[in-house]
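Observations on chain architecture
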Amino acid sequence: RVGGDTSSTSCLRFELPPGYPSEGCHCRCSLQSDDLGIIAHQRDIIEAAEADRGPEGFVCITSMFQAAQAWVEEHHAKIQEAAASGGARAATKGAEEDEDEEEAESNAWWRHEEGEIDEALLREAEERAVKLLPDMSTATWARACGAGNYGRHWEFVVGLVGKPSAGKSTLFNAATRPNDATREAAMAPHPFTTIDPNVGPGWFAAPCPSSSSSSPPPLLPAAMAEKVKPEHGSAPNGCRRMPLLVKDVAGLVPGAYMGRGRGNAFLNDLCDADSIVHVVDSSGRSDREGVDQTGGAGAAGATSVPAASDPLDEVGWVRREIHLWIFCNLRSKWDTVRKKARMAVSHTAKEAVADRLFGLFTGYHASRQLVTQVYEAAGFSLPQLAKTMMDFTEYDLHLLVACFLRARFPIVVALNKVDVPEAVPRVEAARKVLGDNCVPVCARHEWWLYDNQRKGHLTYKDGAGVESVKISDSAPANVKEQWKTIQPTLKHFGSTGVLEVLSRAVLKRRPVFVCPTVDFTTLEPMRKHEATGASAPLSAMILLRPLSTVEEAFSALKREQYLRGDFVRAEVLQDYASKSTRVMKREDVLGKDSAETGRPVILKVLTNKKSR
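Residues numbered from 1 in each chain as written. Predicted model: local features only at pLDDT ≥ 70, side-chain atom pairs only at ≥ 80, totals over all residues. Heavy atoms only, no water.

**Some remarks on the overall build of the protein chain**
As a reminder, the rule being used: Here a helix means four or more residues in a row that DSSP labels H or I, a strand means two or more in a row labelled E, and each is numbered from the N terminus. When a residue's accessible area, from a 1.4 Å probe over protein chains only, is under 20% of the maximum for its type it is buried; when over 50% it is exposed; and in between it is partly exposed. Pairs of residues are marked as contacts when any of their non-hydrogen atoms sit within 4.5 Å. Note on areas: these come from Shrake-Rupley sampling with a 1.4 Å probe, and a residue is covered only by the protein chains present in the view.
When helices and strands are counted, the protein chain shows 22 helices and 16 strands. In the protein chain, which comprises 612 residues, the proportion classed as buried is 50%. Sequence separation of at least 24 residues holds for 75% of the intrachain contacts in the protein chain that already meet a minimum separation of 6. Working note: accessible area of the protein chain is about 27700 Å², and carbon and sulfur atoms make up 49% of it.

**Focus: the nonpolar core**
Put simply, the rule reads: Nine residue types can take part in a nonpolar core, namely buried Ala, Val, Leu, Ile, Met, Phe, Trp, Tyr and Cys, and a core is a set of them joined through side-chain atoms within 4.5 Å.
The biggest cluster of nonpolar side chains holds 58 residues, and the ones touching the most others in it are W334, M389 and F404. Where this core is concerned, the elements lending two or more residues are α6 (119-132), α11 (311-332), α12 (334-342), α13 (347-359), α14 (368-377), α15 (385-391) and α16 (394-408). Examining the composition of this core, we find that 10 residues originate from one element, α16, more than from any other. Contacts of M389, omitting those with residues within four sequence positions, involve W334, V337, R338, A341, V353, L357 and Y375. Counting 44 residues, the second largest nonpolar core, distinct from the first, contains F204, A206, W447 and L573.

**Examining the environment of E321**
Locating E321 in the fold gives a position in helix α11. As a C-alpha pair, E321 and L252 span 69 residues in sequence and 8.0 Å in three-dimensional space.

**Focus on the pairing of strand β8 (residues 411-416)**
So the rule is basically this: If DSSP finds at least two bridges between two strands, the strands pair. A right-handed crossover is one whose linking path, passing over the helix from the first strand to the second, runs clockwise when the strands point away from the viewer.
The buried fraction of β8 is high, at six of six residues. The side-chain alternation of β8 yields two buried faces, one formed by I411, V413 and L415 and the other by V412, A414 and N416. Judged from the six bridges that link them, strand β7 (residues 275-281) and β8 form a sheet pairing that is parallel. Looking across to β8, one finds that H278 is bridged to V413. In terms of strand pairing, β8 meets strand β9 (residues 438-440) through three bridges, oriented parallel. By the bridge assignment for β9, A414 is matched with V439. Of the crossover connections in this fold, the one passing from β8 over helix α17 (residues 423-434) to the parallel β9 is right-handed.

**Considerations on the pattern of salt bridges**
Our working rule: What makes a salt bridge here is a side-chain nitrogen of Lys or Arg within 4 Å of a carboxyl oxygen of Asp or Glu, nothing more.
Scanning the entire structure with this criterion turns up 23 salt bridges. For R285, the salt bridge goes to E422, with nearest N and O atoms at 2.4 Å. Taken together, the residues span a long stretch of sequence, with R285 in the loop between β7 and α11 and E422 in the loop between β8 and α17 at a distance of 137 residues. Taking relative accessible area as the criterion, R285 reaches 3% and is therefore assigned buried. Through salt bridges that share partners, E119, R320 and E321 make up one connected network.

**Observations concerning the side chain of D588**
To keep it simple, the criterion reads: His residues and chain termini do not enter the charge count, which takes Lys and Arg as positive and Asp and Glu as negative. N or O atoms closer than or at 3.5 Å make up a polar contact, with two conditions inside protein: a donor-capable atom paired with an acceptor-capable one, and, for residues adjacent in sequence, both atoms drawn from side chains.
Counting through the fold element by element, D588 comes out in the loop between β15 (580-584) and α22 (594-597). It turns out D588 is buried and unbridged, and the closest side chain with the opposite charge, R582, is 4.2 Å from it. At 2.8 Å, the side chain of D588 forms a polar contact with the backbone nitrogen of K585. Not counting the four nearest positions on each side in its chain, D588 is found in contact with S548, T549, V550, R582 and V583.

**Remarks on the pairing of strand β3 (residues 157-161)**
Counting buried positions over the five residues of β3 gives five, a clear majority of the element. By the alternation rule, side chains of β3 split into V157, G159 and V161 and V158 and L160, which are all buried. Strand direction decides the pairing type here: β3 and strand β6 (residues 239-248), joined by four bridges, are parallel. Residue V158 lies in a different strand from β6, and its bridge partner there is V246. Bridge count between β3 and β7: four bridges; the pairing is parallel. If you follow V161 over to β7, its bridge partner there is H278.

**Considerations on the sheet that holds β15**
Worth spelling out the cut-off: Angles run from 0 to 180 degrees between N-to-C directions of axes, and those axes are lines fitted to C-alpha atoms, restricted for helices to the stretch in contact.
Taken together, five strands build an open sheet; the order of strands is β13-β12-β16-β14-β15 and the sheet is mixed. For this open sheet the edge positions go to β13 (542-544) and β15, each flanked by a neighbour on one side alone. Here the strands of the sheet are splayed against their neighbours by 40° on average, with no regard to which way each runs. Packed onto the sheet, helix α21 (residues 550-559) meets β12 (512-516), β13, β14 (564-575), β15 and β16 (601-609) and runs at close to 120° relative to β14.

**Examining the state of the cysteines**
As a reminder of what qualifies: In plain terms, two cysteine sulfur atoms within 2.5 Å form what is called a disulfide here.
Summed over all chains, the structure comprises zero disulfides. Cysteine C239 is unpaired, with the sulfur of C208 as its nearest cysteine sulfur at 8.0 Å.

**Describing α21**
By the burial criterion, the buried members of α21 are V550, E552, A553, F554, A556 and L557. In the core, the buried residues of α21 are packed alongside β12, β13, β14, β15 and β16.

**Some points on the environment of R454**
Along the chain, R454 turns up in helix α18 (residues 443-454). We classify R454 as partly exposed; its relative accessible area is 31%. Of the polar contacts made by the side chain of R454, one reaches the backbone oxygen of P178; its length is 2.8 Å. At a separation of 2.9 Å, a polar atom in the side chain of R454 contacts the side chain of D451.

**Section: the packing of aromatic side chains**
Stated precisely, the cut-off is as follows: In this analysis, rings of Phe, Tyr and Trp, with Trp reduced to its six-membered ring, are considered paired at centre separations within 6.5 Å, and the interplanar angle assigns stacked below 30 degrees, edge-to-face beyond 60, and tilted for intermediate values. Any Lys NZ or Arg CZ found within 6 Å of a ring centre and within 35 degrees of that ring's normal is scored as a charge over the ring.
A complete count under the given rule lists 13 aromatic pairs for this structure. With a centroid separation of 6.4 Å and an interplanar angle of 40°, the aromatic rings of F204 and F513 are classed as tilted. Highlighted residues: F204 in strand β4 (residues 198-207) and F513 in strand β12, separated in sequence by 309 residues. Pair check on accessibility: F204 and F513 agree, each one buried. The lysine or arginine in question, R241, covers the ring of W203, its NZ or CZ lying 4.2 Å from the ring centre. A cation sits over an aromatic face here: K579 above Y576, 3.8 Å from the ring centre.

Here you go:
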């Protein structure tokens with residue numbers, strides 16, 4: 001009970017959450033009173049109590065109560081004066097302040113219309129975000145990314161975005177390799193061929209323990225490496241094929257964030273993507289609306305024509321649309337954040353500000369942990385969050401969104417249509433700017449190769465170059481002629497780039513690759529309960545989220561029916577030649593080294609029940 005007036009009741013109430021104080025939980029403080037003088041100075045009393053809050057893990061109820069009581073005693077005259085006037089003076093002052101604030105806020109930046117964007121602030125914020133978060137593929141960030149749970153196989157989703165007619169649906173078909181025409185995405189040289197998103201299983205190239213690459217050094221000797229037969233087949237450069245999901249959404253046009261074209265509906269389709277592949281028309285033949293400006297002269301080998309768009313410009317405005325999609329959503333709700341911040345006096349109220357701000361990002365399948373890290377990485381103070389929100393500027397929100405996008409949606413650019421003559425110099429120019437964040441791609445050639453392979457006209461290994469293509473003697477003459485026109489592009493770029501761009505999108509998130517085994521000498525793989533017959537060494541592999549623990553790997557293996565029973569012990573193979581192993585605890589993080597080297601983890605887990 002606060003204050004000495006027995007004619008009224010003023011109580012400082014403390015709510016103790018479970019685990020307080022040993023688990024680092026804060027008690028929550030609030031003030032209840034029927035004394036008009038106390039009510040008029042409620043904010044001051046709570047602030048006095050909060051100022052004496054101890055660090056996490058320490059009991060602070062007594063000290064907070066004493067601080068509040070001391071303030072009441074010290075300001076007894078002010079409290080009595082406020083009570084004698086019936087609280088009218090304080091109420092009048094508060095009303096006047098509210099009116100002044102409402103008038104000042106009527107033209108505030110968060111009240112702007114959807115199309116009112118300060119482009120200079122947006123560019124400045126994006127440039128700053130690149131400096132603050134130069135490489136978002138670091139594993140320390142990635143654990144908080146995405147919406148999926150840990151402790152299960154990661155069903156990775158790559159979203160395909162870009163303007164209409166950039167070749168997304170062709171890339172989708174080339175990536176998912178459908179067995180029949182009924183499963184193909186519609187492909188046509190006009191805008192909005194895709195309306196509803198296409199979703200299908202595809203493949204990417206994952207690192208394999210049998211790789212003979214010199215960097216990192218080979219994990220297995222050549223004799224053992226030759227025995228490894230990946231479950232889903234091998235991929236070029238010593239890699240193995242692993243499954244993922246590919247999601248092709250409809251084309252974006254300028255103003256999509258305001259609903260233009262198919263607008264927000266398609267942007268919302270991206271929310272469950274783990275990474276994004278931005279498909280760009282590197283030929284420059286179509287404008288921002290996806291309309292071919294060459295009069296139909298778009299086939300490979302056609303005479304060079306003036307560019308309708310620049311690939312780098314295309315990269316910029318599509319990213320702008322995604323940025324403004326989130327920015328405008330947040331800006332429209334900014335009043336609710338400020339209202340929470342304005343009332344943030346107690347610890348409970350300050351937590352409510354954080355809940356509201358970070359909750360605005362949950363619709364993009366981001367955890368609170370990720371948004372908190374992004375907020376601090378952008379240079380904002382978490383302890384001063386409530387005050388910061390009241391002073392937040394339009395630039396600050398742009399910066400927060402720009403940093404969030406870099407953390408939540410890693411983007412790799414697919415420079416598509418490299419078979420068009422004028423694309424080559426534009427691709428080289430784009431690669432100088434984008435570096436490893438882009439891949440030259442010819443989805444049309446990949447699709448042609450696969451389509452003719454399923455017809456029996458040729459054999460081809462996806463992701464490989466010219467040397468892997470074998471044209472059948474019985475192939476039609478037109479197929480043999482078409483192959484001659486395709487060869488120069490494959491020789492120049494090394495492959496069609498489809499497998500590479502998907503693989504790079506996955507590796508941007510630094511996943512953990514785990515090869516479960518039952519024996520470190522024979523490297524016999526763990527097998528699912530229903531599996532029969534012998535399996536080649538290390539044939540099985542599962543994909544886990546970055547910074548997954550041994551406990552989470554064990555849970556994932558149980559879900560996939562590789563294991564039964566309770567956890568007993570886990571070991572990781574460090575060197576095959578010496579049979580050097582390391583015993584792992586449940587809470588140990590897997591793949592700290594592999595996040596840098598890309599080398600899979602060879603894991604053996606013992607339980608109290610045989611898996612077979």
